[in-house]
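Below are the chains, spelled out letter by letter.
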Amino acid sequence: MRYLCRLVTPNGGIVLDPFLGSGSTAIAAIKEWFECVGIERERKYFDIACQRICDAQRQGKLLDPDEDLQKVQPEQAAFGFSDK
């Protein structure tokens, strides 16, 4: 999935995952230094994805030689859910 994110997303681009599911694409995007927007309609999978993404962010991104490693705290992550 990381390879696909690199293949189709330009530098500085944002990965859109309209079927977030368990968050695998979002995690791959984050590990490749892309921002990601995920959409999920099922609360169960949304909750799973949020937990997995927070766990991946706590582990840190791959080191970029030009940047300092920055860890995102769970309270800084922007997640939202609407069952409308």
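Every value quoted in this text rests on a predicted model; they were computed, and no experiment measured them. (Residues numbered from 1 in each chain as written. Predicted model: local features only at pLDDT ≥ 70, side-chain atom pairs only at ≥ 80, totals over all residues. Heavy atoms only, no water.)

1. Things to note about the overall build of the chain
To keep things clear, this is the line we draw: Numbering of helices and strands runs from the N terminus, with a helix taken as a DSSP run of H or I at least four residues long and a strand as a DSSP run of E at least two residues long. Burial classification: accessible surface area is computed with a 1.4 Å probe over protein chains only, and a residue below 20% of its type maximum counts as buried, one above 50% as exposed, and the rest as partly exposed. Contacts are assigned to residue pairs with any non-hydrogen atoms lying within 4.5 Å of each other. Here the accessible surface of atoms and residues is derived via Shrake-Rupley with a 1.4 Å probe, and residues count as covered only by protein chains that are part of the display.
When its secondary structure is counted, the chain shows three helices and two strands. The helix and strand sequence of the chain, counted from the amino end, reads α-β-α-β-α. By residue count, 31% of the 84 residues in the chain fall in the buried class. The contacts in the chain between residues at least 6 apart in sequence include a share of 47% that link residues at least 24 apart. Summed over its atoms, the accessible surface of the chain is roughly 6200 Å², and 51% of this surface lies on carbon and sulfur atoms.

2. Topic: the nonpolar core
Heads up, the rule is: Take the buried Ala, Val, Leu, Ile, Met, Phe, Trp, Tyr and Cys residues and link them wherever side-chain atoms come within 4.5 Å; each set so joined is a nonpolar core.
One finds Leu20, Ala26, Ile27, Ile30, Ala49, Ile53 and Ala56 forming the largest nonpolar core, which totals seven residues. Among the secondary structure elements, those contributing two or more residues to this core are α2 (24–31) and α3 (43–59).

3. What to know about the pairing of strand β2 (residues 35–38)
Inclusion rule: Note on pairing: DSSP must find at least two bridges between two strands before they are called paired. Handedness of a crossover is defined as follows: orient the strands so they point away from the viewer, and if the path from the first strand over the helix to the second runs clockwise, the crossover is right-handed.
Judged from the four bridges that link them, strand β1 (residues 14–17) and β2 form a sheet pairing that is parallel. Across the sheet, the residue bridging to Val15 is Cys36, located in β2. Where the polypeptide runs from β1 across α2 and back to β2, its parallel neighbour, the crossover connection is right-handed.

4. Things to note about the packing of α2 against α3
The condition that has to hold: Interaxial angle, 0 to 180 degrees, is taken between N-to-C directions of lines fitted to C-alpha atoms, where a helix line uses only the stretch in contact. Here the angle decides the label: under 35 degrees means roughly parallel, over 145 means roughly antiparallel, 65 to 115 means roughly perpendicular, and every other value means oblique. For a crossing to be left-handed, the near helix must be turned anticlockwise from the far one by less than a right angle; the clockwise case is right-handed. Residue type decides the class: Asp, Glu, Lys and Arg count as charged, Ala, Val, Leu, Ile, Met, Phe, Trp, Tyr, Cys and Pro as nonpolar, and the leftover types, Gly among them, as polar.
Their axes nearest at 9 Å, the elements α2 and α3 cross at an angle of 20°. Accordingly, the angle class assigned to the pair α2 and α3 is roughly parallel. When you trace α2 past α3, the crossing you get is right-handed. Between α2 and α3, the residues in contact are Ser24, Ala26, Ile27 and Ile30 and Arg52, Ile53, Ala56 and Gln57, respectively. Residues that form the contact of α2 with α3 fall into these classes: five nonpolar, two polar and one charged.

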